[in-house]
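Coordinate inspection notes
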Amino acid sequence: MLVMTEEKSKVLIVDDDPTVLQTICSYLNVHYQLSIAKSKAKALELIKGGDFSLILLDVNLPDGSGLEICTEMKSSFEYADSIAIILMTSEYAAEQEAAGLRLGAVDYVYKPLNESVLLARIALQLDIQRKTALLSKLANVDGLTEIGNRRAFDFQLESELNRARRENKEVALAMIDIDCFKQYNDNYGHPAGDKVLVKLANTLRSQFKRHSDFCFRYGGEEFSVLMYDTNEVEASRLLLKCLEAFRQLKLNHDYSPVAPIVTFSAGVVAIPAKDTSVSELVKLADECLYQAKLEGKNQIKSNLTQLA
C-alpha cells in the first residue's frame, strides 16, 4: 500500500514507445505528478528546468541512451545525486545493469512492466530519498538555534561561490559575534545565554528572507550570513538593519561595557567569486569583524563602510 503525502512527488518518464508511455501513465498518474520526454534531448531539457524526485528512464532512446543521460546528469547538474533514477529495459544484460548502477541508477525494471512491482519499487526509492534528505537536514542544522550549522556553512559557501563563478556574480559574507557574551553567561547563566543565541538566530532568520540569503550558527556565539549577488554596501546596510532589530529586543545586559542591552558586531565583505576562495572570503570577513570589535563593538564594519 502506498503512503501518500499532500504534495505529489514529481516523476519524469523517459521512453519513446507510445504504448509503454500510456501504460506507465495509467499506473502512476493517480499517485505522482508526471512529465514525459520521448528523447534524450528533451529529457535533459526537462531535468535542467524541473524539480524531479525520480526519473523512470528507458535505456534505449532514438537519439542516445539512458546511460548517456545518467553520465550527463552527473557531470552537469549539482543536484543530480538527489534524483532517484530507475532504468527500464526489455532485455536483461548483466554488464549493462552493472554499468547503469555504477553511473548512479538506483534500480532496474524490466518490460513488460508489472503495475504492482513498478509502484512498489518507485515507492521504496522515494521513501529512501525522503529519509536520506531528513538525515541530511538534521546533520546540517544547529540543534539549539535550528539554523544551519558550521557543516552547512562550509557546504553552502563552496556551492554559492561555484555558482557565482559561473554567473560572474559577487558573494557577500558577514561574520557576526555577540558582544561581551562571556560576561553575559558568567552572570546570567548558560540557560539565559542559550536564549540569547536563539533570539539572535530568530532575528537573522526574520531579516534575511531572500531565497539567496543563508544564515548559520558558525560556532559558540558567532554567526554568519551568506548573501548571493549582493555588493558590500548593500550587505552592510542589511546587517545594520538586523543589528537595529536585535537592539529593539532590549535584552538586558548589566555587565556589558558597550551598552545596557545585548548587541553584536559584524564584519562584512563582498567580492566577485572569480577573485576569491572560501578561505580568503572567511579570512577577510573575520578581519573586518576583528576591527569592529577593536573599534568599540556594536557596529558593522566592512572595507568600505562602518555603520553603528
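Here the residue index of a chain counts from 1 through its sequence in written order. Per-residue local features of the predicted model are confined to residues with pLDDT of at least 70, and side-chain atom pairs are confined, for both listing and counting, to 80 or more; whole-chain, interface and lining totals are unaffected and use all residues. Only hydrogens and water are set aside when side-chain values are computed; all heavy atoms of the structure are taken into account.

1. Here we look at the layout of surface pockets
Threshold: Cavities and pockets are defined on a 1 Å grid built over the protein atoms alone: a cavity is a set of grid points where a 1.4 Å probe fits but cannot escape, while a pocket is an open set with protein on both sides within 12 Å along at least five of seven lines, and lining residues are those with an atom within 4 Å of any such point. Grid points are joined across faces, edges and corners, and a volume is the space filled by probe spheres set on the points. Counting from the N terminus, the helices are DSSP H or I runs at least four residues long and the strands are E runs at least two residues long. Three residue categories are used. Nonpolar comprises Ala, Val, Leu, Ile, Met, Phe, Trp, Tyr, Cys and Pro, charged comprises Asp, Glu, Lys and Arg, and polar comprises the others, including Gly.
Roughly 980 Å³ of internal volume is contained in the largest pocket. As for the largest pocket, its lining consists of 30 residues, and the residues nearest its centre are Tyr79, Ser82, Ile83, Gln129 and Ala133. Those elements giving two or more residues to the lining of the largest pocket turn out to be helix H5 (115–139) and helix H6 (150–167). Top contributing element to the lining of the largest pocket by residue count: H5, with seven residues. Split by residue class, the lining of the largest pocket holds 10 nonpolar, 12 polar and eight charged. Approximately 310 Å³ is the volume found for the second largest pocket. For the second largest pocket, the lining is made up of 15 residues, of which Gly148, Asp213, Phe214, Cys215 and Phe216 are closest to its centre. Counting residues per element, the ones that place at least two in the lining of the second largest pocket are H6 and strand S9 (213–219). Each residue belonging to the lining of the second largest pocket can be placed in one class, and the counts come to seven nonpolar, four polar and four charged.

2. Remarks on the pairing of strand S10 (residues 222–228)
This is how the line gets drawn: Exposure categories follow from relative accessible area, calculated using a 1.4 Å probe and restricted to protein chains: below 20% of the type maximum is buried, above 50% is exposed, and the middle band is partly exposed. Strand pairing requires that DSSP identify at least two bridges connecting the strands.
For S10, a buried count of seven out of seven residues is recorded, marking the element as mostly surrounded by other parts of the structure. Covered by surrounding structure in S10 are Glu222, Ser224, Leu226 and Tyr228 together with Phe223, Val225 and Met227, the residues of both alternating faces. Where strand S8 (residues 170–178) meets S10, seven bridges bridge the pair, whose relative direction is antiparallel. By the bridge assignment for S10, Met175 is matched with Ser224. Here S9 pairs with S10 via six bridges, running antiparallel. If you follow Phe214 over to S10, its bridge partner there is Leu226. In this structure, the hairpin formed by S9 and S10 is closed by a connection of two residues, where Gly220 is found at a positive phi of approximately 60°.

3. Things to note about the pairing of S8
Put simply, side chains in a regular strand alternate between the two faces of the sheet. Of all nine residues in S8, eight are buried, a share of seventy percent or more. Relative to strand S11 (residues 264–272), S8 is paired through nine bridges, and the arrangement is antiparallel. Bridged to Glu170 within S11 is Pro272.

4. Thoughts on the packing of aromatic side chains
Rules: Each aromatic pair joins two rings of Phe, Tyr and Trp (for Trp, the six-membered one) with centres within 6.5 Å, and gets the label stacked for planes under 30 degrees apart, edge-to-face for over 60, and tilted for any other angle.
In total, this model carries eight aromatic pairs according to the counting rule given. Seen from their ring centres, Phe153 and Phe216 are 5.5 Å apart, and the 80° between their planes marks the pair as edge-to-face. In this pair, Phe153 sits in helix H6 while Phe216 sits in strand S9, placing the two residues 63 residues apart along the sequence. Each member of the pair, Phe153 together with Phe216, is buried. With a centroid separation of 5.1 Å and 90° between ring planes, the pair formed by Phe153 and Tyr218 is classed as edge-to-face. With a gap of 65 residues between them, Phe153 in helix H6 and Tyr218 in strand S9 connect regions that are remote in the sequence. Neither Phe153 nor Tyr218 differs from the other in exposure class; each is buried. One aromatic cluster is present, formed by Phe181, Tyr184, Tyr188 and Tyr255 through successive ring pairs.

5. What to know about the sheet that holds strand S3 (residues 54–58)
The strands that make up a sheet pair up through hydrogen bonds in the backbone, lying either parallel or antiparallel. Put simply, the rule is: Note on method: axes are straight lines fitted to C-alpha atoms, helices fitted across the in-contact stretch only, with angles between N-to-C directions ranging 0 to 180 degrees.
The parallel open sheet is built from five strands, whose spatial order is S2-S1-S3-S6-S7. Bordering the open sheet on either side are strand S2 (33–37) and strand S7 (107–110), each of which pairs with just one other strand. In this sheet, neighbouring strand axes are inclined to one another by 20° on average, regardless of whether the strands run parallel or antiparallel. As paired elements, strand S1 (residues 10–14) and S2 share five bridges and run parallel to each other. Bridge pairing links Val14 to Ala37 in S2.

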